[in-house]
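Take a look at the letters that make up each chain.
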Amino acid sequence: MNIYFWILRIAAFFGHRKARKLVHGQARALGELQEWAKTLGGSGVLWFHAASVGEFEQARPIIERLQSELPFRKVLLTFFSPSGYEIRKNYNGADYIFYLPADTPGNVKRFLDIAHPEVAIFVKYEFWLNYLYELKRRKVRTFVISAIFRRNSTFFKWYG
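To keep things clear, this report deals only with the structure shown in the data block. (Residues numbered from 1 in each chain as written. Predicted model: local features only at pLDDT ≥ 70, side-chain atom pairs only at ≥ 80, totals over all residues. Heavy atoms only, no water.)

Helix and strand content of the chain: 6 helices and 5 strands. Its helices and strands in sequence order give the chain the pattern α-α-β-α-β-α-β-α-β-α-β, from N to C terminus. The buried share of the chain, taken over its 160 residues, is 41%. Sequence separation of at least 24 residues holds for 61% of the intrachain contacts in the chain that already meet a minimum separation of 6. For the chain, the accessible surface area stands at approximately 9,400 Å², while carbon and sulfur atoms represent 57% of it. (Helix = DSSP H or I, 4+ residues; strand = E, 2+ residues; numbered from the N terminus. Buried < 20%, exposed > 50% of the residue type's maximum accessible area, 1.4 Å probe, protein only. Contact = heavy atoms within 4.5 Å. Areas by Shrake-Rupley, 256 points an atom, 1.4 Å probe, with all protein chains shown as cover.)

Counting residues in hydrophobic clusters, the biggest one holds 40 residues, and the most contacted among them are Trp47, Leu76, Leu77 and Phe111. For leucine 77, the residues in contact, after removing those within four places along its chain, are Phe48, Phe56, Ile63, Tyr91, Ala94, Tyr96, Ile97 and Phe98. (Core = buried A, V, L, I, M, F, W, Y, C linked by side-chain atoms within 4.5 Å.)

To describe a pair of aromatic rings, you give the distance between the ring centres and the angle between the ring planes. According to the stated counting rule, one finds 13 aromatic pairs in the structure shown. Aromatic side chains phenylalanine 149 and phenylalanine 156 sit 6.3 Å apart centroid to centroid with 75° between the ring planes, which places their arrangement in the edge-to-face category. A centroid spacing of 5.3 Å and a plane angle of 90° characterise the contact between tryptophan 158 and tyrosine 159, whose relative ring orientation is edge-to-face. Among the aromatic residues, those joined into a cluster by ring pairs are Trp47, Tyr96, Phe98, Phe111, Phe122 and Tyr131. (Phe/Tyr/Trp six-rings, centres within 6.5 Å; stacked < 30°, edge-to-face > 60°.)

A separate point is the environment of lysine 89. By the element assignment, lysine 89 lies in the loop between helix 4 (82-88) and strand 3 (96-99). Using a relative accessible area of 35% as the deciding quantity, one classes lysine 89 as partly exposed. Taking C-alpha positions, lysine 89 is 9.3 Å from phenylalanine 79, a pair spaced 10 residues apart along the chain.

On to the pattern of salt bridges, then. Counted under the stated rule, the structure contains 10 salt bridges. Arginine 137 is the salt-bridge partner of glutamate 134, the closest N and O atoms lying 2.6 Å from each other. Within this pair, glutamate 134 and its partner arginine 137 are both found in helix 6 (residues 129-137), separated by 3 residues, close to a single helical turn. The exposure class assigned to glutamate 134 is buried, which follows from its relative accessible area of 3%. Linked by salt bridges that have partners in common, Glu57, Arg60, Glu64 and Arg88 make up one network. (Salt bridge = Lys/Arg side-chain N within 4 Å of Asp/Glu carboxyl O.)

What follows deals with a nonpolar patch on the surface. On the surface, Tyr125, Val144, Ile148, Phe149, Phe155 and Phe156 cluster together into a nonpolar patch covering about 580 Å² of accessible area. You can see isoleucine 148 is positioned in the segment after strand 5 (141-145). (Patch = residues over 30% accessible without salt bridge, like charges linked within 9 Å, V, L, I, M, F, W, Y side chains within 5 Å.)

This is the structure in structure tokens:
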């Protein structure tokens, strides 16, 4: 993961627009989340993570249903892709929308310490190992929606 994020930083440095938006968005995410957390007032947080717009659209009906059934919960929505974030950053069905901080142990612990999600819902194939490990360690209910798993999938191999 560290190599991947270093490549992103290099691409951003050399002018790749999408990489630059992602790197800057991730850098701001934890500080912005810290400000948002001050407004929570002890309410539970439903955290949804979608890679991009397509995954968000799959989660949208669930977000809206949960929001209507659990109005005192806050909805936190994160994106990995700048295209997803840029297109949906003003979606009024979530209380806060921002980039997912890079999947490093330090970022993950800080993110979860600030957000205190009651539930984490990942859309499709967003498997971030440090996030999943720390959510399990903290006993946060975690779900994957809109994913299809086949018997011959890598996940079910000895190395999966």
